[in-house]
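Listed below, chain by chain, are the residues.
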Amino acid sequence: MRRTPTRRRVIVDKAANVTALARDLAQERAPICEALDAYAGVIRFHMPGHRGGAGAEPAIVAHLGPAAFEKDVTGVPGMDDLHEPHGCIREAEELAAKAFGADRTFFSVGGTTGAIHAMVLGTLSDGDTIIIPRNIHKSILGAVILSGAVPAFVKADYDPYLGFFKGIDGESLKECIGRHPEAKAALLVNPTYYGTSIDLRPIAEYLHARGIILLVDEAHGPHFRFHPKLPAPALDAGADAVAQGAHKILGALTQASYLHVKGNRIDVDRLKAAFQHITTTSASYLLMASLDAARRQMALYGRDILEYAINLADYLRSEVNKIPGLSSFGSENSGQASASLDPTKVTITVRELGITGYRAEKFLRERHGIQVEMSDLYNVLVIVSWGNTTAHVEKLLEGLRDLAGAVGRNQATKDLESSRREIPDLPPIPEMALSPRKAVQSAWETARLSDAKGRVSAEVVTCYPPGIPILYPGEVLTDDTISYLEIMRELAFGISGPKDTSLQTIRVVKDR
Ligand SMILES: Cc1ncc(COP(=O)(O)O)c(C=O)c1O
């Protein structure tokens, strides 16, 4: 039997734990945390108004803990300015750049969304073509709208059994570049939410040979550089700029993210200006200190704590595969490096039970007090971290066995059978008549969906499943798109984006 990993493996002697990277003694430092410590005891006549906690509502101080207020300082002498860093933030960003393999790192306090917005605004101008996959996160659409860039879409690679998009289709990317040699940049999402990943190296070479910049939304891969069994990080694969969700996977506070730049294809001064345009002038030191500490943790202990998380996830995956009606892909990669999967993401497929992932998520939450990362039509997704224990995983397995048993005994209602009515293939990608920015800024009117053929959409329409936009602002409604949306009006478990989520009507650009 596979030995279950123990927490002991994480709590190891620091000296034995030093990786090649950590031999750079500077990585032991956490300059923002140090600056916060040095500020303790100063009498404050400055913002924020809570004066280190003394002026805050006592209940909230008790709730969050006094340290949260004491460390919530602002850009006073001894601290720094995120817009023009010259002190502790500068040092912390430099240490992060070194640890993550970048030439320059910016700390984002506006989520990975903020990092993506700065990355796009810093590289593209109004009317520039940007190549993007169809299954982007909404933060990329926001960046495209803000920049005025015009997207050229690449088909995403759909897995019909799992019911989600595993990445982009390489051939479709090349074909898209062939149609858009004028493209200035490609913004790819790698890995996916489910941890599936593609080899970016040949793509970077292909794009660079054509003078196209490679930007990567690596929201779910900030840990890749710190363990050889994880997919190659985008920066090492040749990406020019990368946005990483430190708060999603590493130990940083919610919102805290990194924006990394490497090489000379990107004008760093322009990027910095864009970063300033979208960044608060009162950046939270709690968030920035957590980015500093998350880098330190990875640089010093990343390999060991990731080894623990990978072993724990592999154990979960192999036990899930023993439960009748459940499966979890990726066991074939277990214990080895894989370019195609982050093993700490465990997708548990429940479709053979005849229930949806949504129902499974609810069951685990309500009956077992377990909250998974997310669910979709056929799956629940679990992220296994070094913060999890074997006991957590055993509890999850107990919940999953209970779920499978309850469905078998008809004690948990099946809800998938009706949705097995065939979900149609995606309609062809519509023509884009206006940039998304022009489409959302134009005067709009409401049209009946059935009468909207030839009209230009003023809104985005996403159906769950398949969980990607069917229509972007600026795209022309065709018969194919309209009939797809009419079918999904009945079948979808959720519609997001349009004002009228019943999809009887749609907002279209006026006078076109
Ligand atoms: C692939 C991807 N990119 C970007 C984001 C935006 O991240 P944030 O919520 O930190 O702004 C997300 C959020 O889930 C995401 O999944």
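Enquirer: Explanation requested: the site of the ligand in the structure shown.
Expert: Around the ligand, the surrounding shell consists of Gly111, Thr112, Thr113, His137, Ser139, Val189, Tyr193, Asp217, Ala219, Gly245 and Ser257. When residues of the shell around the ligand are assigned to their parent elements, the largest contribution, three residues, is made by helix α5 (residues 111-121). Considering only residue class, the shell around the ligand consists of three nonpolar, seven polar and one charged.

Enquirer: Explanation requested: helix α1 (residues 31-39) in the structure shown.
Expert: Side chains of residues three or four places apart in an α-helix project in the same direction, reflecting 3.6 residues per turn. Among all positions of α1, only Pro31, Ile32, Ala35 and Leu36 are buried. An end-on view of α1 places all buried positions within 140° of arc, on one side of the element. Within α1, the exposed residues directed more than 90 degrees away from the buried face are Asp37 and Ala38. Taken together, the buried residues of α1 touch α4 (88-100) and α11 (285-320). Of the residues flanking the end of α1, it is Gly41, one or two places downstream, whose phi is positive at about 90°.

Enquirer: What exactly am I supposed to notice about the domain arrangement of the protein chain here?
Expert: Many analyses report the size of an interface as the accessible area lost when the parts associate. According to the domain assignment, the protein chain consists of domain 1 (22-299), domain 2 (304-418) and domain 3 (436-509). For domain 2 versus domain 3, the separation of C-alpha centres amounts to 34 Å.

Enquirer: Is there a simple way to explain unusual backbone geometry in this structure?
Expert: Glycine aside, residues mostly have negative phi, and peptide bonds are mostly found in the trans state. Met47 connects to Pro48 through a cis peptide bond whose omega is 0°. Among the structural elements, Pro48 can be located in the loop between α1 and α2 (58-64). Along the chain, Tyr464 connects to Pro465 via a cis peptide bond; the corresponding omega equals -15°. Within the element layout of this structure, Pro465 appears in the loop between β14 (461-464) and β15 (468-471). One non-glycine residue, Arg51, lies in the positive phi region at around 50°. Inspection of the secondary structure assignment puts Arg51 in the loop between α1 and α2. Even without a glycine there, the phi angle at Gln255 is positive, about 95°. In this fold, Gln255 is placed in the loop between α9 (246-249) and β9 (257-261).

Enquirer: How should the packing of helix α12 (residues 357-368) against helix α13 (residues 390-408) be read in this particular structure?
Expert: When two helices pack together, their arrangement is captured by the angle between the axes and the distance separating the axes. In the contact formed by α12 and α13, the axes pass within 10 Å of each other and the chain directions differ by 115°. Seen from above, α12 lies across α13 with right-handed handedness. Judged by residue contacts, Ala360, Phe363, Leu364, Arg367 and His368 of α12 engage Lys395, Gly399, Asp402 and Leu403 from α13. Here the contact of α12 with α13 is composed, by residue class, of four nonpolar, two polar and three charged.

Enquirer: In this structure, what is going on with the pairing of strand β2 (residues 129-133)? I would like to understand it.
Expert: Here β2 lies mainly inside the structure; five of its five residues are buried. Side-chain alternation along β2 places Thr129, Ile131 and Pro133 on one buried face and Ile130 and Ile132 on a second face that is also buried. With five bridges connecting them, β2 and strand β3 (residues 150-154) associate as parallel partners. Each residue of the ladder has a partner; that of Ile131, found in β3, is Ala152.

Enquirer: So what exactly am I meant to see when it comes to the pairing of strand β5 (residues 164-168) here?
Expert: Burial analysis of β5 places five of its five residues in the buried class, the great majority of the element. By the bridge criterion, four bridges tie strand β4 (residues 156-159) to β5 in an arrangement that is antiparallel. Following the sheet pairing, Asp157 is matched in β5 by Gly167. Connecting β4 to the next strand, β5, in antiparallel fashion are four residues, including Gly163 with a positive phi near 75°.

Enquirer: Even after reading the chapter, I still don't get the sheet that holds strand β16 (residues 494-496), so can you show me in this structure?
Expert: Hydrogen bonds between backbone atoms are what pair the strands of a sheet, whose relative direction is either parallel or antiparallel. The strand order across the open sheet built from three strands is β15-β14-β16, with neighbouring strands paired in antiparallel fashion. Edge positions in the sheet fall to β15 and β16, since each has one partner strand and no second. Averaged over all adjacent pairs, the angle separating strand axes in this sheet is 35°, with direction ignored.

Enquirer: Just checking my understanding: could you explain the nonpolar core for this structure?
Expert: In a soluble, globular protein the nonpolar side chains are often hidden away together inside. Ranked by size, the top nonpolar core spans 150 residues in total, and within it Ile32, Ala239 and Met288 carry the most contacts. Leaving out residues up to four positions away in the same chain, Met288 has contacts with Ile32, Leu82, Ile89, Phe107, Val109 and Ala283.

Enquirer: Looking at this structure, how should I read the environment of Pro428?
Expert: Its place among the elements puts Pro428 in the loop between α13 and α14 (436-441). Pro428 sits 50 residues away from Thr478 along the chain, and the two C-alpha atoms are 9.3 Å apart.

Enquirer: Help me understand the environment of Tyr378, please; the structure alone is not making it clear to me.
Expert: As for its position among the elements, Tyr378 is in the loop between β11 (374-375) and β12 (379-383). Assessed through the 26 C-beta atoms surrounding it within 10 Å, Tyr378 is described here as buried. Residues Tyr378 and Glu352, 26 residues apart in the sequence, show an inter-C-alpha distance of 8.7 Å. Apart from the residues lying within four places of it in its own chain, the contact partners of Tyr378 are Leu162, Gly163, Thr349, Val350, Arg351 and Gly357.

Calculation rules
- Residues numbered from 1 in each chain as written.
- Predicted model: local features only at pLDDT ≥ 70, side-chain atom pairs only at ≥ 80, totals over all residues.
- Near = placed C-beta within 6 Å.
- Helix = DSSP H or I, 4+ residues; strand = E, 2+ residues; numbered from the N terminus.
- Nonpolar A, V, L, I, M, F, W, Y, C, P; charged D, E, K, R; others polar.
- Buried ≥ 20, exposed ≤ 12 C-beta atoms within 10 Å, placed from the backbone.
- Arc of directions from axis to C-beta.
- Contact = placed C-beta atoms within 7 Å.
- Domains from an automatic or database assignment.
- Axes fitted to C-alpha atoms, helices over the stretch in contact; angles between N-to-C directions.
- Left-handed = near helix turned anticlockwise from the far one by under 90°.
- Pairing = 2+ DSSP bridges.
- Core = buried A, V, L, I, M, F, W, Y, C linked by C-beta atoms within 7 Å.

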